[in-house]
Amino acid sequence: MADQKNTVSSEDMGMSVFLDVFRRADKNDDGFISWEEFVSYFADGVMGKEELQTLFNQIDSHNTNNIDIGELCAYFSQRLGVFQEIFGLVEEMNKKLTSVLFSTSKVYKDSSRTDKFVTRFLMREILNQMGALQRPLDAASEALDQQAREERSDIQPLEVADLIKKSGSDSGIVPGRVVRRAKRQVSNMSNNSTLSADAIAWNDEGHSGQSILNGQLDKLAKLVDKLECKIKFENFRDEEVVTAKDDTVLLVQREFVVQEESMGDFRSHLRSYVDLTQGFRGCFNVSVRDLRPTHSFHIYEVWCDEEHYLQNCGSEATTSLVNNTAQCLVKPETVKSMLIPGSWWSLDS
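Structure report, in brief. Everything quoted here is computed from the prediction, not taken from an experiment.

**Quick notes on the pairing of strand β2 (residues 248–257)**
Extensive coverage of β2 is indicated by the burial of seven of its 10 residues. Looking at chain direction, β2 and strand β5 (residues 334–341) are connected through eight bridges and run antiparallel. Looking across to β5, one finds that V252 is bridged to S337.

Right under this line is the structure:
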């Protein structure tokens, strides 16, 4: 009987990750993944439309033109191969991390200042170690993508933007749905939890884990709204008379010319920088142009003012990018900046 349980556990190992994959792919939260949602989540800039359509039909074993959670898990459970153990470790890491955080929250408030420092240091070190694991995965993923493109250069990759152009701007996805769903899940976790109230008390001021999570979700809501609404330049004028204090934003251009053999490593570090900088206070947007004929990258950053930009220059994200990519560059990066009218920068609602 024990052997049977172990067999079932081994077969199911790693599959809970795909429950999360399904939730993220199901953008309109209706319990199914449509063709549009499938492309939005799975298109990788390599696979063509016919290839993705074939894959969609293979997963949709019930032939309903929608993918349900059972079909998705059934398809990938047969193809995990050597990655099944890795996904199983991810599951186990999630469980252990949750357990450690809750147990730590019980004793953190009453700990000494030194013990609190040790706790914060260990958490930061866990983040550093996870980042170290991510970098080779990013580089390997980029290399595999490039190899796949070169193998079939005759295939035109299907981009999400192409789907949006054909179907119109209205995707049917309600802005803020991701955050509302996350809050609902947090609420359900709190209501169904058997943990005592002091188990979710985390900081020195006595705020509950529930309120802290909601605060983080509110921050996420603002970021999601920014991405969903699309930010763009508009309202250009040939001549403008300003009678009050001039409202400006700072536009920064950073240029990197990269050695051809170091493109994979550079892209990995650049991706981490963009992810961190987009969440930095005062940063309106970060965009990257990959100029492949010249092996160069242009980063365009829009900041609310120069003070916030200079603060970011001393941040861990910028320092890490500069230190980790210095050996990848043909020449030192060049930086240009200018102030532009704030009225040019708006949310397209």
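And the narrative resumes.
**Considerations on a nonpolar patch on the surface**
On the surface, V82, F83, I86, L89 and V90 cluster together to form a nonpolar patch covering roughly 510 Å² of accessible area. Turning to its location among the elements, L89 is positioned in helix α6 (residues 83–108).

**Here we look at the pattern of salt bridges**
For the structure on display, the rule yields 11 salt bridges. The residue D138 makes a salt bridge to R271 at a minimum N-O spacing of 3.8 Å. Here R271 lies in helix α11 (residues 263–277) and D138 lies in helix α7 (residues 113–151), a separation of 133 residues in the sequence. A salt bridge links R267 to D290, with the nearest nitrogen and oxygen atoms 3.3 Å apart.

**As for the layout of surface pockets**
Take a probe with the size of a water molecule and roll it over the atoms, and the empty space left behind shows itself. Here the second largest pocket is characterised by a volume of approximately 1800 Å³. As for the second largest pocket, its lining consists of 34 residues, and the residues nearest its centre are F83, I86, F87, V90 and L137. Elements supplying a minimum of two residues to the lining of the second largest pocket: α2 (16–25), α3 (35–42), α4 (49–59), α5 (69–77), α6 and α7. A total of 10 residues in the lining of the second largest pocket trace back to one element, the largest contributor, which is α6. Class assignment of the residues belonging to the lining of the second largest pocket gives a composition of 26 nonpolar, four polar and four charged.

**Description of the nonpolar core**
Residues W35, F38, I59, I67 and L72 are the most contacted members of the largest nonpolar core, which totals 21 residues. Elements that contribute at least two residues to this core include exactly α2, α3, α4 and α5. F256, V274, C283 and L329 belong to the second largest nonpolar core, which has 19 residues in total.

**Regarding the packing of aromatic side chains**
Tallied over the full model, the rule gives 14 aromatic pairs. Both rings, one in F42 and one in F76, keep their centres 6.4 Å apart while their planes meet at 10°; by these two values the pair is stacked. Here the residue F42 occupies a position in helix α3, and F76 occupies one in helix α5, the gap between them amounting to 34 residues. Pairwise contacts between aromatic rings join F18, W35, F38, Y41, F42, F56, Y75, F76 and F87 into one cluster.

**Considerations on unusual backbone geometry**
Even without being a glycine, N65 presents a positive backbone phi close to 65°. Note on placement: N65 falls in the loop between α4 and α5. Owing to a relative accessible area of 58%, N65 belongs among the exposed residues under this scheme. The phi angle at H295 is positive, at roughly 50°, despite the residue not being glycine. Among the secondary structure elements, H295 is positioned in the loop between β3 (283–291) and β4 (296–303).

Cut-off values and rules
- By convention here, each chain's residues receive numbers from 1 onward along its written sequence.
- Two thresholds apply to this predicted model, a pLDDT of at least 70 for residue-level local features and 80 or more for giving and counting side-chain atom pairs, whereas whole-chain, interface and lining totals are computed over all residues.
- Water and hydrogen atoms play no part in the side-chain values, which are based on all heavy atoms of the structure.
- Accessible area is worked out with a 1.4 Å probe on protein chains only. A residue is then buried under 20% of its type maximum, exposed over 50%, and partly exposed in between.
- Numbering of helices and strands starts at the N terminus; helices are DSSP runs of H or I of at least 4 residues and strands are runs of E of at least 2.
- Strand pairing is assigned whenever DSSP detects at least two bridges linking the two strands.
- Residues qualify for a patch when their relative accessible area is over 30% and they have no salt bridge, like charges being joined within 9 Å and the nonpolar side chains of Val, Leu, Ile, Met, Phe, Trp and Tyr within 5 Å.
- Surface accessibility in these figures is a Shrake-Rupley result with a 1.4 Å probe; residues are shielded only by whichever protein chains are displayed.
- One side-chain nitrogen of Lys or Arg within 4 Å of one carboxyl oxygen of Asp or Glu is enough to make a salt bridge.
- Both site types are read off a 1 Å grid over the protein atoms alone. A 1.4 Å probe that fits but cannot get out defines a cavity, while an open set with protein on both sides within 12 Å along at least five of seven lines defines a pocket; lining residues have an atom within 4 Å of a point.
- Grid points are joined across faces, edges and corners, and a volume is the space filled by probe spheres set on the points.
- Following the grouping adopted for this structure description, the nonpolar residues are Ala, Val, Leu, Ile, Met, Phe, Trp, Tyr, Cys and Pro, the charged ones are Asp, Glu, Lys and Arg, and the polar ones are all others, Gly among them.
- Take the buried residues of types Ala, Val, Leu, Ile, Met, Phe, Trp, Tyr and Cys, join any two whose side-chain atoms come within 4.5 Å, and each joined set is a nonpolar core.
- For Phe, Tyr and Trp, where Trp contributes only its six-membered ring, two rings pair if their centres lie within 6.5 Å, and the inter-plane angle classes them as stacked under 30 degrees, edge-to-face over 60, or tilted in between.

So far we have only geometry, and geometry alone does not tell us how the molecule works.
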